[in-house]
Amino acid sequence: GDGLIFNPDTWSAPYLDAADEQKLKAMIEWFEDRGKQTLKDHDRENRWYSDFLEMQAEQDIFADFLTPEGEGGGDPAKRWDTQRICAFNEISAFYGLAYWYTWQVTILGLGPIFQSDNGEARRRAAELLGDGAIFAFGLSEREHGADVYSTDMVLTPREDGEGWTASGGKYYIGN
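Residues numbered from 1 in each chain as written. Predicted model: local features only at pLDDT ≥ 70, side-chain atom pairs only at ≥ 80, totals over all residues. Heavy atoms only, no water.

Digging into the pairing of strand S3 (residues 164-167)
Remember that side chains alternate between the two faces of the sheet whenever the strand is regular.
Working step 1: Both strand S2 (residues 154-157) and S3 contribute to a ladder of 4 bridges, which runs antiparallel. If you follow Leu 155 over to S3, its bridge partner there is Ala 166.
Working step 2: Hairpin remark: S2 followed by S3, antiparallel, with 6 residues in the connecting loop; positive phi at Gly 161, about 75°. (Pairing = 2+ DSSP bridges. Helix = DSSP H or I, 4+ residues; strand = E, 2+ residues; numbered from the N terminus.)

Here is the structure:
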């Protein structure tokens, strides 16, 4: 094929470090060993995928791919690298959106931590990633909790007819 469609039998990533490519190949093998029917059954049954989370922790995938270099303690494998992140996105989503979703929510939960000036929180997040932890995030409105039906966001057409203006607010709550 032309490489535009993911094929687990022929996938390779020569643009990645050999160790990163091997981690992702091990992840593909992990999924393939389960088989399509098992993956579909688990998805239909809404089964929690602790085995996937254990595998990624053993492979240090979240820890290596999502820890910024500055929090990696000098480990060259720990760095935020968009090529690795994109490769993981493609593979995990191919096998089931639940696998990709945990990864994405972890990224969203880590963003405010790793972008903050709180060195202790950044150090602790990197340590937890190293232990195999996953993260989360939350959005809320001060007056309404997380009730999306009580939002005070209003979209108003711009006078020049070129789009919309949003007014109102959301409050970010990182977990």
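Considerations on unusual backbone geometry
Working step 1: The phi dihedral of Asn 46 falls on the positive side, at around 55°, and the residue is not glycine.
Working step 2: With phi around 60°, Asp 60 is a residue other than glycine that occupies positive phi space.
Working step 3: Positionally, Asp 60 belongs in the loop between helix H3 (50-59) and helix H4 (61-66).

Comments concerning the nonpolar core
Across soluble globular proteins, nonpolar side chains have a tendency to be buried as a group.
Working step 1: Of all hydrophobic cores here, the largest spans 34 residues; its most connected members are Leu 24, Met 27, Phe 52 and Phe 88.
Working step 2: Mapped by element, the contributors of at least two residues to this core are helix H1 (18-34), H3, H4, helix H5 (82-95), helix H6 (97-114) and helix H7 (119-130).
Working step 3: No other element matches the 6 residues that H6 contributes to this core. (Core = buried A, V, L, I, M, F, W, Y, C linked by side-chain atoms within 4.5 Å. Buried < 20%, exposed > 50% of the residue type's maximum accessible area, 1.4 Å probe, protein only.)

Considering the pattern of salt bridges
Working step 1: A full pass over the atoms with the stated rule returns 15 salt bridges.
Working step 2: Ionic pairing is found between Asp 64 and Lys 23, a salt bridge with its closest N-O pair at 2.6 Å. Taken together, the residues span a long stretch of sequence, with Asp 64 in helix H4 and Lys 23 in helix H1 at a distance of 41 residues.
Working step 3: Residue classification places Lys 23 among the buried positions, given a relative accessible area of 13%.
Working step 4: Here Arg 123 makes a salt bridge to Glu 127, at a shortest N to O gap of 2.7 Å. Within this pair, Arg 123 and its partner Glu 127 are both found in helix H7, separated by 4 residues, close to a single helical turn.
Working step 5: The exposure class of Glu 127 is partly exposed, given its relative accessible area of 36%.
Working step 6: Via salt bridges that share partners, Asp 17, Asp 20, Arg 79, Asp 81 and Arg 84 belong to a single interconnected network. (Salt bridge = Lys/Arg side-chain N within 4 Å of Asp/Glu carboxyl O.)

Considerations on the packing of H5 against H6
Working step 1: The N-to-C vectors of H5 and H6 enclose an angle of 145°; their axes lie 6 Å apart at closest approach. In contact with Ile 85, Phe 88, Asn 89, Ser 92, Ala 93 and Tyr 95 of H5, H6 contributes Leu 97, Tyr 99, Trp 100, Trp 103 and Ile 107.
Working step 2: Looking at side-chain class alone, the contact of H5 with H6 contains 9 nonpolar, 2 polar and no charged residues. (Axes fitted to C-alpha atoms, helices over the stretch in contact; angles between N-to-C directions. Contact = heavy atoms within 4.5 Å. Nonpolar A, V, L, I, M, F, W, Y, C, P; charged D, E, K, R; others polar.)

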